[in-house]
Amino acid sequence: MPSRLNPYISFDGDARQAMEFYQGVFGGTLALNTYGDFGGQDAGDAADRIMHGMLETAGGFTLMGADTPPGAGHRPGNNIAVSLSGDDSAELGGYWEALCAGGTVTVPLEKQMWGDVFGTCTDRFGITWLVNISGSGN
């Protein structure tokens, strides 16, 4: 899969409704995973909230979104991040290193429970970046 760049929007508990709305606007295929899907009983009150949602359209649009993780605090006005994803670990790892330079790593780039290598950082300009390297290219 070639690397791609797309917006990632954080919501305050209404990610499911928003992503379903965007699907109604743009069409396409919507995949939603809840915190409960990955955390089971440990997800508590957040079990039904969206941990990751992705809308892919026939026209080539990709829009991702999720509810703010429990305890993270939703900050309107700073609720959009840029996601880089693909399976080329060298390419995406290089982007990661460059984006982190002078910035802050929030989640280190490492293997996650869903099997991919993932990390989050805020660059020196205050932009949040999500980097996900799919399992096949690790």
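Presented here is an overview of the structure given in this document. Here, residues in each chain are numbered from 1, in the same order as that chain's written sequence. Two thresholds apply to this predicted model, a pLDDT of at least 70 for residue-level local features and 80 or more for giving and counting side-chain atom pairs, whereas whole-chain, interface and lining totals are computed over all residues. To get the side-chain values, take all heavy atoms of the structure and skip hydrogens and water.

Re the sheet that holds strand 2 (residues 29–34)
The eight strands are arranged 2-3-4-1-5-8-7-6 in an open sheet whose pairing can be described as mixed. Two strands in the sheet have a free side with no partner beyond their single neighbour: strand 2 and strand 6 (104–111). The sheet shows a mean angle of 20° between the axes of neighbouring strands, direction not considered. Judged from the four bridges that link them, strand 3 (residues 50–56) and strand 4 (residues 62–67) form a sheet pairing that is antiparallel. Bridge pairing in strand 4 links Glu56 to Thr62. Any pair of residues with heavy atoms lying within 4.5 Å of one another is described as a contacting pair. Between N-to-C directions, angles span 0 to 180 degrees; the directions come from axes that are lines fitted to C-alpha atoms, helices contributing only their stretch in contact. Secondary structure elements are defined from DSSP: runs of H or I of at least 4 residues count as helices, runs of E of at least 2 residues count as strands, and each element is numbered from the N terminus. Contacts from helix 3 (residues 89–100) reach strand 5 (80–86), strand 6, strand 7 (117–122) and strand 8 (128–133), with the element oriented near 160° to strand 8. Paired strands, as defined in this entry, are two strands with at least two bridges between them according to DSSP.

Some remarks on helix 3
Helices are assigned an expected span. That span is 1.5 Å times one less than the residue count. Look at helix 3: 16 Å from first C-alpha to last across 12 residues, which is about the 16 Å you get at 1.5 Å a residue. Taken together, the buried positions of helix 3 are occupied by Leu92, Gly93, Trp96, Leu99 and Cys100. Down the axis of helix 3, the buried side of the element spans an arc of 125°, and every buried residue falls inside it. Away from its buried face by more than 90 degrees, helix 3 exposes Ala90, Glu97 and Ala98. Considering only its buried residues, helix 3 is in contact with strand 5, strand 6, strand 7 and strand 8. Any pair of N or O atoms that falls within 3.5 Å is considered a polar contact. Within protein, one atom must be able to donate a hydrogen and the other to accept it, and sequence-neighbouring residues count only if both atoms are side-chain atoms. With a side-chain oxygen lying 3.2 Å from the backbone nitrogen of Ala90, the N-terminal cap of helix 3 falls on Asp88. Directly after helix 3, the chain includes Gly102, whose backbone phi takes a positive value near 80°. Residue burial is assigned from relative accessible area. The probe radius is 1.4 Å, only protein chains are included, and a residue is buried under 20% of its type maximum, exposed over 50%, and partly exposed in between. Summarising the geometry, the arc corresponds to the directions from the helix axis toward the C-beta atoms.

Focus on the pairing of strand 4
With six of its six residues buried, strand 4 lies for the most part within the structure. Residues Thr62, Met64 and Ala66 point to one face of strand 4 and Leu63, Gly65 and Asp67 to the other, with burial holding for every one of them. Where strand 1 (residues 4–11) lies against strand 4, four bridges are found, and the strand directions are parallel. Among the inter-strand pairings, Phe11 is bridged to a residue of strand 4, identified as Asp67. Here strand 3 hands over to strand 4 after five residues, with Gly60 in that stretch at a positive phi of 95°.

Shape is all these values report; function is a separate question.
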